[in-house]
Structure formats: C-alpha cells, structure tokens
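# Reading the structure
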Amino acid sequence: MYRRIAVVLLLALAGLLVCEGGNPCCSEPCQNRGVCTTLGEAFECDCTRTGYHGSNCTVPEFSTWLKVSLKPSPNTLHHILTHFKGFWNIVNNISFLRDAIMRYVLTSRSHLIDSPPTFNADYEYKSWEAYSNLSYYTRTLPPVPKDCPTPMGVVGKKELPDAKLLAETLLMRRQFIPDPQGTSLMFGFFAQHFTHQFFKSDMMKGPAFTKAPGHGVDLSHVYGTTLERQHKLRLFKDGKMKFQVLEGEVYPPTVKDVGAKMIYPPHVPLPDSHRFAVGHEAFGLVPGLMMYATIFLREHNRVCDILKEIHPDWNDERLFQTTRLILIGETIKIVIEDYVQHLSGYNFKLKFDPELLFNQRFQYQNRIASEFNTLYHWHPLMPDTFHIEEKEYNYDQFVFNNSVVTEHGISQLVQAFSTQIAGRVAGGRNVPGPMMPVAIKAIEEARKMRYQSLNAYKKRFNMKPYSSFEDLTGEKEMAAILEEMYGHVDAVELYPGLLVEKPRPNAIFGETMVEMGAPYSLKGLMGNAICSPEYWMPSTFGGSVGFDIVNTASLQKLVCNNVQGPCPVASFHVPDIEGTRSFTINSSTSHSRSDVNPTVILKERTTEL
C-alpha cells in the first residue's frame, strides 16, 4: 500500500519537473479527485472530502483505506454479476434482497456524478457560469489547461495524431465484427432515438453547447424542443398529436401539413406524403429512427384515449400534459429494465422503483456531460447492410428513405431489427465506412473541448489506469500503432481509447465504456422529476390506470400495443429464431433509391447521429 503511495508521489514530482516554468497543474499532481490550484509556479491540492490528505491527496484516511482494501475491482464485480446465474435467480426472487442490491447499484453509480455541475468547456475551475449556464454541456473533468507542454498535459507527443489517419487505421471496419453479447439492431436504433432527446449539440456555437432544453429524459425528441414546435405537432383535440393514415395505419404528419422544419436534403426524391414531421428534426435520417418515432406517436394517442375514457371532463391540455408524463415514465422503465439490463449483461435483474431512493441523499436534477455525449458515439453497432423481409438495403438506399417504413410497416421493421445482429463497439476497427466522417468529426470535436486522457477518466471513475498500450488493447498490433501515434499510454485520447479498448469477455463494451456510461445514465434517469417523492404517485399520471401503464411498461408491450395484428417479438437481444413466437394484444385503433450520398449527408447534417 505505502509502496503505491511512494510511486504516486514520485510520478507527481516527475510531472512537476517536466512542467517547470509552466502551469504546474498540467502534470495532474493532485490524485484521488483532489483539486489543483496554481500558486505561481507552485500548486496546491485541495483534498476536501476526498478521503485522502497530504500534499498530493495520496495518503488515505483509515476509513478510506479500509473501503478501498475491501472493495472488489469493477471487473471483479462485473464478473460476479454476469456469472452464477443460479445464485442470482434466487436473489431476484427475494424482494428485500433485490431492492437492497438495486439501491446500492443506483447510489454507488449516481454518486460518481457531480451534482450540482462543476465545470464546462470554457472554465477549468468552478464558476457560477459553469453552474448556471444551461446552454453548455457540463464537464466531469475540467479541460486540459491551454498552456500545457502537450495536448494531454505533460506526457505524450507535442501534437496529436491526424484524426483521419487515426480513424482509418484503428477505427474503420475491415470486416463486420458481430457483438458476442447478441445485441440486435432494435437496440442500436433505440439508442439513437432515446439519446438524441438530450444529445443535441448546437454546432452553430460549437460542440460544447447543447440545444436540448431539459438535460435529461423529457421526450423533446417526440414533442419538440420548443413550445412553437410542440404546438405545430399537436392536434389540440383530446390531448393528441397530429397524424396521417397511410394504408390503414397511423404515421406521423407531413412537413407540408404541420410546417415543422425537418432535415430532408432537397435532392432526395421523397414524396411529400413521406416527409414525416416529428419532434426531432433529424429523425428522417434512417427508417429505424422513424420506426420508433411512429411507435411513440401511436402510444401517445393510445394513452390519450385511455385517459379520456377515465376523465371525460379533462380538457385537451391536461390530457396532453398527463400523457407526456406517462410516456416519460414508460421510457425510463424500459430503459432501465430492458435497455440497461441488456447492455449490462447482468444476471441480477435491474428494477425501476423510485421509492428505493426516497431515504437516500439524492438530488432530482441532472446536467448532461459532454463526455457522456462523446462516449455514446456507438457507430460500430450499425451493420454493413440492413435486412428487412426479403430485401437488403445498403446505406445509399436506407438513409432519408421513409418509404422503407411504410412499405414494410412497423411490425415487419420490428421483426427485422430484432433479428439482425449489431456490431461490437469495443475492440477497434468496426466503424462502418459510411460512418467514418462522423467518427473523425467526433475526434476533432473532442480535441476542441480539450478532454483529458482515457487514463485520467479511468481514475476519475475508480478504475485502474492502463499501464501499457498492450494492456489497453489486449493485443500487439494496434498497441504498437497507438504507441507510435501517442508516445505514452497516458496520452491516449478518450474517444479513440474507448473504441480500441479490449472488450470484456463476450461483451459489447470494454471496462471504461461501462464504468463511465452507467453513472451518467442512472443519474440522468433517476434524477428525473417524475422519480421524486413530489411526483411519484398515481395522481401525477391520472390515477391508478396511468400509474399502472408506467409500472408495467416494457419494450414488448410498447410495440404490441401499437401494431396491428399479431405482434412480433421485440427484443434488444437477437432471439433464437426457432423459438420466436407472435403475441396478440389489442392494438390501438389509431395508428428504394441509389442516388443519395450518405457520407456527405451524415457529415454535414447529423454529426451526432
């Protein structure tokens, strides 16, 4: 233990020597979340409430030493949660035990996220601006100071590798690598649809700024980010959203009918009837996004019908507002119990129950971090082509082609996307060619925001930093290329590092993606207003019937309630085709080209998608 402390002190001293005459905080001398403040050519570490003391915050208090000594590593915990299925089956059926573990999962993850927020891209120190200006994404770690010897502080080369060369060498797909965890395209498109209600960078101002008003799950991608857009999409009758009927099924209204701006390149030969208008202006990009947009439109109008029957005296506004709260609740339930459950790979069954946190120290607010936005560029999920019924679509035929949605129908799209496997995200060299401009742009934007290194974020989220390039990649070839490009493992950038990181055994992600992503995700979900004691009660959702819709929500139910006829299997995991079956649930009564260059469109119009 004390040998490790000595090593840390020596490293900090070495960093100071390298940085002599410059900014002494460039060497990251303050460990264990200590805050570095410059004092001319010297520095001071603030160790307040870190559990450590000493000039570099490296000497643990006894309680901290005991906790760190006894706590298993993230990889050990992951192994326990993803193995011993028989044991977890018992735990999952003992309610008080399951609740206790779920409470620990929520609190231990959420407490890793600073609340209130502390930094943004323009302030590497705490300021009122960083706290109060909601037009910024917040920052988990402050930017690397501008006056440091290297882009990553004091280590690595004086210049970062060319972004295009880096992406083409280490990120671009040579051959499709399927996800060993069995993730489906249904998951991939849900990830895009769900996250772009709060990942909505304002590129006119720069990648550090957001146009999303809510910094969380507000369904602005369904209802619009402004009241003006919301009003254009609303029917103003019985709380419902506008719609059109094509071949007997409900689809979103057209741009022409509602006047809401959407991104449809003018040269795309799409008829007016298929230029759908939804909450997010870029969701016409691919049929998978418009599939989910259509499902949520139908669900909104279905729930309005239910509330109208129970509350015939309610006016349009109350029906609309209450339905929105119900759909927010459904979304959080599905994300925790279906989406996060799948990507975690846990045998422990996650549970959405806000009451688990009512006696905990927990703040019901959230700010989206730019690091969360960056790490969520999961483009390796996308395949080389898309298989729907008997047809195969390449990217040219798929992007901005809403006719795919109406030609096949929602039921067939769900069936197709639930049975086509997605790509593995970690491990490198799996970003599809048409997505490469977006990956390059992500690297360039991260550099503008001066992110600290991958290893700096590993330490921030209580992981052991990588000691070598081979330790990072788990192999020799990419490790050698990284060493040539960066010079030191502590200089590897966050986003490329996440994509080349060795995957966990039989998993879609590496350690860092999960251990960083989970705290952001769970804090954002459980920090929602509807999860607070003031909101989490039946009356918020129109009574017991609305509350029950939230508490029984699932991906399968969302789909089955909003398609006609037999319901396809809807799954974030590619199912056993031989064992699939159809579900019949009463559905709501309301409900190919080659001249498009997706590379240009994706680069210029929808960087985040």
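Here is a short report on the structure shown in this document. Residue positions are counted from 1 within each chain, in the order its sequence is given. It should be noted that, the model being predicted, local features are given only for residues of pLDDT at least 70 and side-chain atom pairs only at 80 or more, the latter also being counted only at that level, while totals for whole chains, interfaces and linings use all residues. The basis for every side-chain value is the complete set of non-hydrogen atoms in the structure, without hydrogens or water.

## Topic: empty space enclosed by the protein
It is the rolling of a water-molecule-sized probe over the atoms that shows where space remains empty. A volume near 310 Å³ is recorded for the largest cavity. What lines the largest cavity is a set of 26 residues, and nearest its centre among them are V340, L343, V514, G517 and A518. The helix and strand labels rest on DSSP assignments: H or I over at least four residues marks a helix, E over at least two residues marks a strand, and numbering proceeds from the N terminus. For the lining of the largest cavity, the secondary structure elements donating two or more residues are α5 (95-110), α13 (316-344), α14 (370-375) and α22 (511-526). Across the lining of the largest cavity, the residue classes tally to 19 nonpolar, 5 polar and 2 charged. In this analysis the probe radius is 1.4 Å and the grid spacing 1 Å, with only protein atoms considered; a cavity is a set of points the probe fits into but cannot get out of, a pocket is an open set with protein on both sides within 12 Å along at least five of seven lines, and lining residues have an atom within 4 Å of a point. Grid points are joined across faces, edges and corners, and a volume is the space filled by probe spheres set on the points. Amino acid classes used here: Ala, Val, Leu, Ile, Met, Phe, Trp, Tyr, Cys and Pro are nonpolar; Asp, Glu, Lys and Arg are charged; the rest, including Gly, are polar.

## Description of the pattern of salt bridges
Take a side-chain nitrogen of Lys or Arg and a carboxyl oxygen of Asp or Glu: if they are within 4 Å of each other, that pair is a salt bridge. Counted according to the given criterion, the structure contains 27 salt bridges. E228 is the salt-bridge partner of K232, the closest N and O atoms lying 3.8 Å from each other. Placement of both K232 and E228 in helix α10 (residues 227-233) is noted, with a separation of 4 residues, approximately one turn of the helix. For each residue, the accessible area found with a 1.4 Å probe, counting protein chains only, is set against the maximum for its type, and the residue is called buried under 20%, exposed over 50%, and partly exposed in between. By relative accessible area, E228 is classed as exposed at 56%. If you follow the salt bridges from partner to partner, you end up with R33, D114 and R460 in one network.

## Re the packing of helix α12 (residues 287-310) against α13
For every element, the axis is a line fit to its C-alpha atoms; helices are fit only across the contacting stretch, and the angle between N-to-C directions ranges from 0 to 180 degrees. It is at 9 Å that the axes of α12 and α13 come closest, and there the two elements cross at 125°. Between α12 and α13, the interaxial angle falls into the category oblique. As α12 packs across α13, the resulting crossing turns out to be right-handed. Every residue of α13 that contacts α12 at F296, E299, H300, V303, C304, L307 and K308 is listed here: L319, F320, T322, T323, I326, L327, E330 and T331. Grouping the amino acids of the contact of α12 with α13 by side-chain chemistry returns 8 nonpolar, 4 polar and 3 charged. Our angle categories are set so that under 35 degrees counts as roughly parallel, over 145 as roughly antiparallel, 65 to 115 as roughly perpendicular, and the remainder as oblique. Left-handed describes a crossing whose near helix is turned anticlockwise from the far helix by less than a right angle; the clockwise case is right-handed. The contact definition used throughout considers only heavy atoms, calling two residues in contact when any of these lie within 4.5 Å.

## Examining the side chain of R109
Within the secondary structure, R109 sits in helix α5. Judged by relative accessible area, which is 12%, R109 ranks as buried. Pairing of N or O atoms within 3.5 Å defines a polar contact, subject to two protein rules: one partner must be a possible hydrogen donor and the other a possible acceptor, and residues neighboring in sequence count only if both atoms are side-chain atoms. Polar side-chain contacts of R109 include one of 2.7 Å to the side chain of E515. Contacts of R109, omitting those with residues within four sequence positions, involve Y104, Y346, V514, E515, A518, P519 and L522.

## Some details on helix α7 (residues 163-171)
Turning to α7, its buried residues are A163, L166, A167, T169, L170 and L171. Next to the buried residues of α7 lie α17 (436-448), α20 (477-486) and α21 (494-500). With a side-chain oxygen lying 3.2 Å from the backbone nitrogen of K164, the N-terminal cap of α7 falls on D162.

## So, a nonpolar patch on the surface
A patch is a set of surface residues, each over 30% in relative accessible area and not in a salt bridge, joined within 9 Å for like charges and within 5 Å for the nonpolar side chains Val, Leu, Ile, Met, Phe, Trp and Tyr. The method behind every accessible area is Shrake-Rupley, applied with a 1.4 Å probe, and residues are considered shielded solely by the protein chains displayed. Together, F62, W65, L66 and L70 give the surface a local cluster of nonpolar side chains, amounting to about 450 Å² of exposed area. Structurally, L66 is set in helix α2 (residues 62-70). Residue L66 is classed as partly exposed on the basis of its relative accessible area, which comes to 35%.

## Observations concerning the side chain of D202
Relative to the helices and strands, D202 resides in the loop between α8 (185-195) and α9 (220-223). Neither His nor the chain ends contribute to the count of charged residues, in which Lys and Arg are positive and Asp and Glu negative. The side chain of D202 sits in the buried core without any salt bridge; K205 is the nearest counter-charge, 4.4 Å away. Apart from the residues within four sequence positions on either side, D202 is in contact with F209, T210 and K211.

## Concerning the nonpolar core
The criterion is simple. A nonpolar core is a set of buried Ala, Val, Leu, Ile, Met, Phe, Trp, Tyr and Cys residues joined through side-chain atoms within 4.5 Å. Core analysis: the biggest nonpolar cluster contains 162 residues, and Y339 and W378 have the highest contact counts within it. Ranked by residues supplied to this core, first place goes to α13 with 12 residues. In contact with W378, not counting residues within four places along its chain, are F187, A191, Y339, L343, V425, F509 and M513. Membership of the second largest hydrophobic core comes to 7 residues, among which are F43, C45, C47 and Y52.

## With respect to the environment of P117
If you trace the backbone, P117 turns up in the loop between α5 and α6 (128-132). For the pair formed by P117 and N366, sequence separation is 249 residues and the distance between their alpha carbons is 8.4 Å. When residues no more than four places from it in sequence are discounted, the contact partners of P117 are A130, Y131, T138 and R367.

## Topic: the state of the cysteines
Cysteine sulfur atoms are paired as a disulfide whenever they fall within 2.5 Å. For the structure on display, the rule yields 5 disulfides. Shown here is the disulfide that connects C560 with C567, its sulfur atoms set 2.2 Å apart. For the disulfide bridge between C560 and C567, the dihedral angle about the S-S bond is near -90°, and by the sign convention the bridge is left-handed. With respect to class, C560 is no different from C567; both count as buried. Here the bonded cysteines of the protein chain are numbered in sequence order, and their pairing is 1-4, 2-8, 3-5, 6-7, 9-10.

## Comments concerning the packing of α8 against α12
As a packed pair, α8 and α12 sit with axes 9 Å apart at the nearest point and diverge in direction by 70°. Put simply, α8 runs roughly perpendicular to α12. Residues M186, F189, F190, Q192 and H193 of α8 form the contact with α12, whose own contacting residues are G288, L289, M291, Y292, A293 and F296. Among the residues forming the contact of α8 with α12, the class breakdown is 8 nonpolar, 3 polar and no charged.

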